Amino acid sequence: MASTIVSFSGFKSINSVRSPFFAKTKVVKPLLSLLLRKAPIASMSYERELAAAKKAASIAAQLCQKVQTAILKSDVQSKSDKSPVTVADYGSQALVSFVLERELHSESFSLVAEEDSGDLRKESGQEMLERITKLVNETLSSDETYNIYPLSAEDVLKAIDSGKSEGGPLGRHWVLDPIDGTKGFLRGDQYAIALGLLDEGKVVLGVLACPNLPVARMGSHDQHSSQNQVGCLFYAKVGCGTYMQSLDGSSPIKVNVSAIDNPAEASFFESFEAAHSMHDLSGSIAKKLGVQAPPVRIDSQAKYGALSRGDGAIYLRFPHKGYREKIWDHAAGSIVVTEAGGVVTDAAGNPLDFSKGKFLDLDTGIIVTNQKLMPLLLKAVRDSLTEAQSASSM
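Report on the accompanying structure. Nothing here was measured: the structure is a model prediction, and the numbers come from that model.

Let's shift gears to the overall build of the protein chain. If you tally the helices and strands in the protein chain, you get 12 helices and 15 strands. Sequence-distant contacts, at least 24 apart, represent 74% of the contacts inside the protein chain between residues at least 6 apart. Surface summary for the protein chain: the accessible area is close to 18500 Å², and the carbon and sulfur share equals 53%.

With that out of the way, let us pick up unusual backbone geometry. Backbone geometry at Tyr46 places phi at a positive 60°, although glycine is not the residue there. With respect to the secondary-structure elements, Tyr46 resides in the loop between helix 2 (28-36) and helix 3 (47-69). With relative accessibility at 2%, the residue Tyr46 sits in the buried group. A positive phi angle, near 55°, is found at Glu200, a position not held by glycine.

Direction vectors running N to C along helix 6 (residues 126-143) and helix 7 (residues 153-160) enclose 90°, while the axes themselves pass 9 Å from each other. Classified by the angle between their axes, helix 6 and helix 7 sit roughly perpendicular to one another. Touching Leu129, Ile132 and Thr133 of helix 6 are Ala153, Val156 and Leu157, all from helix 7. Here the contact of helix 6 with helix 7 is composed, by residue class, of five nonpolar, one polar and no charged.

Core analysis: the largest hydrophobic core is formed by 87 residues, its most contacted members being Leu100 and Ile193. If you tally residues by element for this core, the top one is helix 3, at 11 residues. If sequence neighbours within four positions are ignored, Leu100 has contacts with Ala52, Ala53, Ala56, His105, Phe109, Trp174 and Leu195. In terms of nonpolar packing, the next biggest core, distinct from the first, is built from 20 residues, Ala266, Ala286, Ile314 and Leu378 among them.

Further remarks concern helix 7. Taken together, the buried positions of helix 7 are occupied by Val156, Leu157, Ala159 and Ile160. For helix 7, the angular spread of the buried residues around the axis is 160°, confining them to a single face.

A few words on the sheet that holds strand 13 (residues 314-317). Within the open sheet, the five strands sit side by side as 12-11-13-15-14. Their pairing is mixed. Only two strands of the sheet have a single neighbouring strand rather than two, namely strand 12 (296-298) and strand 14 (342-346). Geometrically, the sheet is characterised by an average inter-axis angle of 20° between neighbouring strands, direction not taken into account. Judged from the five bridges that link them, strand 14 and strand 15 (residues 366-370) form a sheet pairing that is antiparallel. Note that in strand 15 the partner of Val343 across the bridge is Thr369. Running at roughly 140° to strand 14, helix 11 (residues 331-338) makes contact with strand 14 and strand 15 of the sheet. Of the strands in this sheet, strand 13, strand 14 and strand 15 touch helix 12 (residues 374-393), which is tilted by about 150° from strand 15.

Okay, the pattern of salt bridges next. Inspection of every chain in the model, using the stated rule, returns 18 salt bridges. One salt bridge in this structure joins Lys122 and Asp119, with 3.3 Å as the shortest N-O distance. The exposure class assigned to Asp119 is partly exposed, which follows from its relative accessible area of 32%. Among the ionic pairs, Asp311 bridges to Arg217, the shortest N-O distance being 3.6 Å. With a gap of 94 residues between them, Asp311 in the loop between helix 10 (302-308) and strand 13 and Arg217 in the loop between strand 7 (202-214) and strand 8 (230-237) connect regions that are remote in the sequence.

Within strand 6 (residues 192-199), eight of the eight residues are buried, which leaves it mostly tucked inside the rest of the structure. Side-chain alternation along strand 6 places Ala192, Ala194, Gly196 and Leu198 on one buried face and Ile193, Leu195, Leu197 and Asp199 on a second face that is also buried. As paired strands, strand 5 (residues 172-180) and strand 6 are joined by seven bridges and run antiparallel to one another. Bridging across to strand 6, Trp174 finds its partner in Leu197. Taking the residues that link successive antiparallel strands as the turn, the strand 6-strand 7 hairpin has two residues, and the phi of Glu200 there is positive, at about 55°.

The next subject is the packing of helix 4 (residues 87-104) against helix 6. As a packed pair, helix 4 and helix 6 sit with axes 9 Å apart at the nearest point and diverge in direction by 45°. By the angle between their directions, the pair helix 4 and helix 6 is classed as oblique. Both helix 4 and helix 6 take part in a crossing whose hand is right-handed. On helix 6, the residues touching Val87, Tyr90, Gly91, Ala94, Leu95 and Phe98 of helix 4 are Met128, Ile132, Leu135, Val136, Thr139 and Leu140. In the contact of helix 4 with helix 6, the residues fall into 10 nonpolar, two polar and no charged.

Parameters and conventions
- Per chain, residues are indexed from 1 in the order of the written sequence.
- Where totals are concerned, whole chains, interfaces and linings use all residues; where local detail is concerned, this predicted model gives features only for residues with pLDDT of at least 70, and gives and counts side-chain atom pairs only at 80 or more.
- Based on all heavy atoms of the structure, the side-chain values leave hydrogens and waters out of the count.
- Helix and strand definitions here come from DSSP, where helices need a minimum of 4 consecutive H or I residues and strands a minimum of 2 consecutive E residues; each element is numbered from the N-terminal end.
- Should any heavy atoms of two residues lie within 4.5 Å, those residues are counted as being in contact.
- What sets the accessible areas is the Shrake-Rupley method with a 1.4 Å probe; for residues, cover comes only from the shown protein chains.
- Per-residue accessibility, obtained with a 1.4 Å probe over protein chains only, is compared with the maximum for each type, and a residue is labelled buried under 20%, exposed over 50%, and partly exposed between these values.
- Every axis in this analysis is a line fitted to C-alpha atoms, fitted for helices over the stretch in contact. Angles between the N-to-C directions lie between 0 and 180 degrees.
- Roughly parallel covers angles under 35 degrees, roughly antiparallel covers those over 145, roughly perpendicular covers 65 to 115, and oblique covers all other angles.
- The nonpolar class holds Ala, Val, Leu, Ile, Met, Phe, Trp, Tyr, Cys and Pro. Asp, Glu, Lys and Arg form the charged class, and all remaining residues, Gly among them, are polar.
- Residues belong to a common nonpolar core when they are buried Ala, Val, Leu, Ile, Met, Phe, Trp, Tyr or Cys residues joined through side-chain atoms within 4.5 Å.
- Directions are taken from the helix axis to each C-beta atom, and the arc is the one they span.
- By definition, two strands form a pair when at least two bridges between them are found by DSSP.
- One side-chain nitrogen of Lys or Arg within 4 Å of one carboxyl oxygen of Asp or Glu is enough to make a salt bridge.
- If you view the pair so one helix is near and one far, a crossing is left-handed when the near helix is turned anticlockwise from the far one by less than a right angle, and right-handed when it is turned clockwise.

Structure (structure tokens):
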């Protein structure tokens, strides 16, 4: 699964500020301590960053839609871990990097990708590189935002490999999965361009572009034209709620998670691929809760988007033993849900910690629901895990 972390810096410290006022007054220390005290994250605006993220994800979605429409087996490469990498992965990554750098004019902008350009620089990758470069330029040209000369193949390679940030607890770091849900993408099903921003280890904004997700709520009986319209953009900024609009630019609407408090009435999401999550464990948890509806299995962080607008009430993800969750698989989705009123934790009820670098260190799995259902869900998770452990030790 192609994934990216981007960081930027270059902001001047308050320590560089000098003023005669500070030198001559007796209240130097109190004033300086107030000025040096870090502003609370919730008070920061992030307006420019959110606008840039929405634009980057939307433009990348245009390229992905074009590739998915005409996908061919030759579009897929294999890595050592056998996960598929597509033309759209590389193209989406290059476009997001390009747009963020253009929009934010950062003095220092770096990107580290799970997918780098190594294979594209080989002789065997030249044909694919040409196709990626053509797609990137066609997408930028059709969007008409940037009046630039066509990017060269080397420009595209540099965009893919524009830095080496590892994330972490200090500074700002963009977190990107250029195509989350690669297998869904290859099947013609759900996938997402997932882009988030970390500030001092905390997720402060997130954008999910979901080209194949219906604009109308799943299970909705709305008979209006929106029923058949697909393509959603979800976005959230810390302290400001979650919004959804169509990818073609409709007016945004504020969304909220389901208010259901009776688990028997809840429906839940889980990964489409059994290899990505233990469906048997999810089934045991659902049974303990008394959930009546069968699970809704879809790929990617589109699940977070659907849950943020109340399509379902619970999302369960329990990867198989030995798998380590990556921050790009959950950063954008987690803030989209939490700003919509939901709760995202690991199986022990701990909040997800995005400050440790590329990986999430968590207990067993990830559970997502509303605040009313979380206590019941946590108990069902603990009981099911205890039973599974007892059964395996017998």
